[in-house]
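Residue-level structural notes
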Amino acid sequence: MARFLKNREPVKGQSPGALVFVGTRKTDEIDIRVIDYDDHHLTDQAMVDIQDTLHYKTSESVTWININGLHDVDTIGRIGKVFDLHPLVMEDVLNTGQRPKIDDYDDYLFIVLKMIRFDRQTGMVRNEQLSLVVGERFILTFQERPGDVFEPVRERIRRQKSRIRVGGTDYLAYALMDTVVENYISVIEHIGEQIEDLEEEILSDHDKKVMEKINRFKRETSYLKKSIRPAREAIFQLLRLESDLIHEKTHFFFKDLEDLITHATEAIDTYRDLLTDQLNIYNSVTANKMNDIMKVLTIFAAIFIPLTFIAGIYGTNFDYLPELRYKYSYFIFWGVLVVIAGALLGYFKKKKWF
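Nothing here was measured: the structure is a model prediction, and the numbers come from that model.

**What about the packing of helix α3 (residues 151–158) against helix α5 (residues 169–204)?**
- Between α3 and α5, whose axes approach to 9 Å, the crossing angle comes to 145°. Contacts between α3 and α5 pair Val153, Arg156 and Ile157 from the former with Tyr171, Leu172, Ala175, Leu176 and Thr179 from the latter.
- A breakdown of the residues in the contact of α3 with α5 according to their chemical character gives 6 nonpolar, 1 polar and 1 charged.

**A few points about the nonpolar core**
- Membership of the largest hydrophobic core comes to 60 residues, with the highest contact counts inside it found for Trp64, Leu172, Tyr184 and Leu224.
- Looking at this core, the elements with two or more residues in it are β1 (31–37), β3 (62–68), β5 (109–119), β6 (124–134), α3, α5, α6 (208–240) and α7 (248–314).
- At 17 residues, the largest contribution of residues to this core is made by α5.
- Setting aside its immediate chain neighbours within four residues, Leu172 contacts Tyr37, Val62, Trp64, Ile139, Val153, Ile157 and Ile164.
- With 25 residues, the next largest nonpolar core counts Met90, Val112, Leu140 and Phe142 among its residues.

**Examining the environment of Thr58**
- Tracing the chain through its elements places Thr58 in the loop between β2 (42–47) and β3.
- Given a relative accessible area of 63%, Thr58 falls into the exposed group.
- Sequence separation between Thr58 and Gln129 is 71 residues, and the spatial gap between their C-alpha atoms is 27 Å.

**A look at the pattern of salt bridges**
- For the coordinates displayed, the defined rule picks out 15 salt bridges.
- Lys101 is paired through a salt bridge with Asp103; the nearest N and O atoms lie 3.1 Å apart.
- By relative accessible area, which is 21% here, Lys101 ends up partly exposed.
- Across the pair Glu220 and Arg219 runs a salt bridge whose closest N-O atoms are separated by 3.7 Å.
- Members of the salt-bridge network, linked through shared partners, are Arg33, Asp44, Glu151, Arg154, Glu155 and Arg158.

The rules behind the values
Residues numbered from 1 in each chain as written. Predicted model: local features only at pLDDT ≥ 70, side-chain atom pairs only at ≥ 80, totals over all residues. Heavy atoms only, no water. Axes fitted to C-alpha atoms, helices over the stretch in contact; angles between N-to-C directions. Helix = DSSP H or I, 4+ residues; strand = E, 2+ residues; numbered from the N terminus. Contact = heavy atoms within 4.5 Å. Nonpolar A, V, L, I, M, F, W, Y, C, P; charged D, E, K, R; others polar. Core = buried A, V, L, I, M, F, W, Y, C linked by side-chain atoms within 4.5 Å. Buried < 20%, exposed > 50% of the residue type's maximum accessible area, 1.4 Å probe, protein only. Salt bridge = Lys/Arg side-chain N within 4 Å of Asp/Glu carboxyl O.

Pasting the structure below:
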């Protein structure tokens, strides 16, 4: 299965809004966790029955409901019904190949991003779809698997005097998106360090493994770009929305998020350009190395051409060559060869051909 596209065979011929899971099952059971808070109280608990989340829909406090696992279509569909989510929203939640975007449904915002991580064992970038539904008093987050980058946000929620405890759902949405984008930067920095080290390796240890590394990093940066660039467009669109769900005081935080995602996008472009330059350096080093080899071979060929000519004459089968009967002709012959070879070497060195 290609990394850049998901298998869409299950949704062929389905009507718009049909709930069909598109992707790979990444957890055995769906896990639902609810964090409900305001500036005075905090509730953090796992939920078993979807109906237990119904009263959070109209709660005066801020409620964050996180769902890990998307393979159970019935459970995801029930969540959509409890919170009156549009069928197209639920379809996009279950389609893990969805492009990062933002949709305004008046009563709530629907945001799709990609959470990324770097697999150190395989040296590959992995991504996971994150879907956010931002309502007036609640946020739903849908993830493909347990484990995420949101633990720092949870820690901030647990601190009673933190800014997030007095903010609304718009500020919580900003905090979650900011953490995702910060993780983009971390992954890019990790890959970038390896890319920068490649230039020294190209010049010192020139072999095919270096070319393989360059091609691998070009593939991974392309994969990163596929996730990050649309996310930047979505955040830009979010700043242009005239939604009552985004308060003026939170708008400045999203402006800072815009700068951060722009930094991530520019870093990706920079490293892609650097990889192109390194590929050119690799090809130049290869060409120079081949030129050096051809230069040495040409010099040796140029030296041996007159020597071969003389040896050819000396080895002819004529009886009446004057020097054939001479006592020291063999040594004179070798002396001539050495003198000619030395003279050619001296001439090549004077011309700085080697």
